[in-house]
Amino acid sequence: MKVLVIGSGAREHALCRSLSLDPDVTALYCAPGNAGIAEVAELHQVDALDGKAVAALAGELDAELVVVGPEAPLVAGVADAVRELGIPVFGPSKEAAQLEGSKAFAKDVMAGAGVPTARSYVCTTPEEVDEALDAFGAPYVVKDDGLAAGKGVVVTADLEAARAHANACDRVVIEEFLDGPEVSLFAVTDGETVVPLQPAQDFKRALDGDEGPNTGGMGAYSPLPWADPKLVEEVLDTVLQPTVDEMRRRGTPFSGLLYAGLAITSRGVRVIEFNARFGDPETQVVLARLKTPLAGLLLAAAKGDLADLPPLRWSEDAAVTVVIASHNYPGTPRTGDPITGLDAVATEDAPHAYVLHAGTKYDGDAVVSAGGRVLSVTATGKDLHEARDRAYTAVGRIHLDGSQHRTDIAAKAASGA
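Residues numbered from 1 in each chain as written. Predicted model: local features only at pLDDT ≥ 70, side-chain atom pairs only at ≥ 80, totals over all residues. Heavy atoms only, no water.

Concerning the pairing of strand β22 (residues 366-369)
Summarising the sheet, strand β21 (residues 360-363) and β22 pair through 4 bridges and their orientation is antiparallel. Following the sheet pairing, Tyr362 is matched in β22 by Val367. (Pairing = 2+ DSSP bridges. Helix = DSSP H or I, 4+ residues; strand = E, 2+ residues; numbered from the N terminus.)

Some thoughts on the nonpolar core
Nonpolar side chains in soluble globular proteins tend to end up buried together. With 80 residues, the main nonpolar core has Leu4, Val66, Leu240, Phe274, Val320 and Ile398 as its most contacted residues. It is helix α9 (residues 231-249) that provides the largest number of residues to this core, a total of 7 residues. With near-sequence residues (within four places) excluded, Ile398 lies in contact with Ile324, Ile339, Thr340, Gly341, Leu342, Val345, Val355, Leu375 and Val377. The next biggest cluster of nonpolar side chains, apart from the first, holds 43 residues, and it includes Val5, Phe90, Ala220 and Ala319. (Core = buried A, V, L, I, M, F, W, Y, C linked by side-chain atoms within 4.5 Å. Buried < 20%, exposed > 50% of the residue type's maximum accessible area, 1.4 Å probe, protein only. Contact = heavy atoms within 4.5 Å.)

A word on the pattern of salt bridges
Overall, the coordinates contain 23 salt bridges when judged by the stated rule. The partner of Asp202 in a salt bridge is Lys204, with the nearest N and O atoms 2.9 Å apart. On the basis of relative accessibility, which here comes to 26%, the residue Lys204 falls in the partly exposed class. Linking Arg390 and Glu386 is a salt bridge whose minimum nitrogen-to-oxygen distance equals 3.6 Å. Placement of the pair is Arg390 and Glu386 together in helix α13 (residues 384-397), with a separation of 4 residues, close to one helical turn. Residues joined in a network through salt bridges with shared partners are Asp108, Glu246, Arg249 and Arg250. (Salt bridge = Lys/Arg side-chain N within 4 Å of Asp/Glu carboxyl O.)

With respect to α9
The end-to-end C-alpha separation of α9 is 26 Å, in line with the 27 Å expected for 19 residues at 1.5 Å each. The principal kink in α9, of about 40°, is found at Asp237. Among the residues of α9, those classed as buried are Leu231, Val235, Leu236, Val239, Leu240, Pro242, Thr243, Val244, Glu246 and Met247. On its buried face, α9 sits against α5 (98-101), α6 (103-113), β10 (182-189), β11 (194-196), β16 (256-265) and β17 (268-275). Phi turns positive, to about 85°, at Gly251, one or two residues after α9. (Expected span 1.5 Å × (residues − 1). Bend = angle between axes of the 7 residues up to and from the residue.)

With respect to the layout of surface pockets
As a volume, the second largest pocket reaches approximately 520 Å³. Glu39, Leu342, Ala346, Val355 and His357 are the residues nearest the centre of the second largest pocket, which is lined by 23 residues in total. Elements with a contribution of two residues or more to the lining of the second largest pocket: α1 (10-20), β19 (339-340), α12 (342-348), β20 (353-357) and β22. Per-element accounting of the lining of the second largest pocket gives the leading share, 5 residues, to β20. (1 Å grid on protein atoms, 1.4 Å probe; cavity = no way out; pocket = protein on both sides within 12 Å on 5 of 7 lines; lining within 4 Å. Points joined across faces, edges and corners; volume = space filled by probe spheres on them.)

Digging into the environment of Pro351
The residue Pro351 is located in the loop between α12 and β20 in this model. Residues Pro351 and Ala379 lie 28 residues apart in sequence; the distance between their C-alpha atoms is 8.5 Å.

Things to note about the packing of α6 against α9
In the contact formed by α6 and α9, the axes pass within 9 Å of each other and the chain directions differ by 100°. Considering the angle they form, α6 stands roughly perpendicular to α9. When α6 is examined against α9, the residues Phe105, Val109, Gly112 and Ala113 are found in contact with a partner set consisting of Pro242, Thr243, Glu246 and Met247. By residue class, the composition of the contact of α6 with α9 is 5 nonpolar, 2 polar and 1 charged. (Axes fitted to C-alpha atoms, helices over the stretch in contact; angles between N-to-C directions. Parallel < 35°, antiparallel > 145°, perpendicular 65-115°, else oblique. Nonpolar A, V, L, I, M, F, W, Y, C, P; charged D, E, K, R; others polar.)

Thoughts on the sheet that holds β11
Think of a sheet as strands paired side by side through backbone hydrogen bonds, with each pair either parallel or antiparallel. Taken in spatial order, the 4 strands line up as β11-β10-β16-β17 in an open sheet, and their pairing is antiparallel. In this open sheet, the two strands that pair with only one neighbour each are β11 and β17. Going across the sheet, the axis of each strand differs from the next one's by a mean of 35°, ignoring polarity. Sheet topology places β16 next to β17; 7 bridges connect them, and they run antiparallel. Of the residues in β17, the one forming a bridge with Ala260 is Phe274.

So, the pairing of β17
Across the 8 residues that make up β17, a large majority, 7, are buried. Hairpin connection, β16 to β17: the antiparallel pair is bridged by 2 residues.

Examining the side chain of Arg11
Here Arg11 is to be found in helix α1. Other than its neighbours up to four places away in sequence, Arg11 contacts Gly69, Pro70, Glu71, Arg277, Phe278, Asp280, Thr283 and Gln284.

Section: the environment of Gly91
Relative to the assigned elements, Gly91 resides in the loop between β5 (89-90) and α5. If we skip the residues at most four places from it in the chain, Gly91 touches Leu74, Ala79, Arg83, Ser255 and Gly256.

Things to note about the state of the cysteines
By the definition in use, this model includes 0 disulfides. This cysteine, Cys16, is not joined by any disulfide, and Cys30 carries the nearest cysteine sulfur, 4.1 Å off. Taking relative accessible area as the criterion, Cys16 reaches 0% and is therefore assigned buried. We classify Cys30 as buried; its relative accessible area is 0%. (Disulfide = S-S within 2.5 Å.)

Digging into the packing of aromatic side chains
Applying the stated criterion across every chain, the model contains 5 aromatic pairs. Aromatic pair Tyr121 and Phe136: ring centres 5.4 Å apart, planes at 45°, arrangement tilted. Placement of the pair is Tyr121 in strand β6 (residues 120-123) and Phe136 in helix α7 (residues 126-136), with a sequence separation of 15 residues. Assessed through its relative accessible area of 40%, Tyr121 is described here as partly exposed. Between the aromatic rings of Phe186 and Phe278, the centroid separation amounts to 5.6 Å while the plane-to-plane angle is 90°, which identifies the pairing as edge-to-face. Remark: Phe278 occurs in the loop between β17 and α10 (282-289) and Phe186 occurs in strand β10; sequence separation between them is 92 residues. Residue classification places Phe186 among the buried residues on the basis of a relative accessible area of 1%. Overall, the relative accessible area of 4% leaves Phe278 in the buried class. One aromatic cluster is present, built from ring pairs that chain together Phe90, Phe186, Tyr259 and Phe278. (Phe/Tyr/Trp six-rings, centres within 6.5 Å; stacked < 30°, edge-to-face > 60°.)

Here it is in structure tokens:
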């Protein structure tokens, strides 16, 4: 099978790494990719938001499966353009991707499906914003209705900060604060059958102890030793399957990767948000544990054959990812700084630890930073404690001037706290 992956981040590097290890994959391409992906896939230039260009590239490469990684191309309808050529594609249609593209649309689908979520108001005027903030009180949860690359949500006790964020958005969803730990659960679906993956937890705040601003994610781990063993089954029954069924009922079937961001509250599981693609950095740890070959799973979803797939196989090992970010992230990041130590990780820490590239590029023969989140250092081990030790040992070998990373990823879970 010839596979083309669209995207350039650590999520796409994780997908490409898993696909490169799949014996059924005879050729692997990525567009536009990055410096790390270049080691496992042939890179091609393309405007990832241009459906016609992506479809044309897939045709030129004789791709038998196209995997669309990021949300923006999905919301732009890239998967539709590829499907029109008759090429199987893993990723929802433009209409179905509105589950992520519009928070208000997602709330409407959840209401129709009877999915438990936070009470919310959709606001378009300063007056509506003030009413909603007053109704819920602090801490305030304010979400830009549209795509914002993981930075559209503000959770704050500061009324003025909440109001300022809300009024900077064209349309905003303001909702009640959900207490309790958060869980990310991915599910692969063909629009009817839903196959959940293993849950993970990510760390959104920039600094240790969940301090600092929200980011796209600073690390993740899987499995979750503290979670109810029946959690996946419960979420499948109360969230994932009802949502997929509701989307089909509306005439906009959702096939691809449905991501449920969940809060395990004192009143039970509640959905925080849906995404229409693999999440970053949770993908890095979930795929590190998946033993079932990835290409067949994604192709079955693309072709509507998931019901015929045998149950997924998982490693008993734990996995931890630590994100190394640029100076000043999540503000405007400094880029162009050389990265050293990557060879040392490959020599000293493989196969238990490895580096997935996010914001990197080649400057001559040197790998330099090219974004906010630069690298995802991922490690596996017999338990979270061992996986964590291996991840941070590898992090210690890497030098990027001015870089930052959290030192407490999976620390509480590893210690049993």
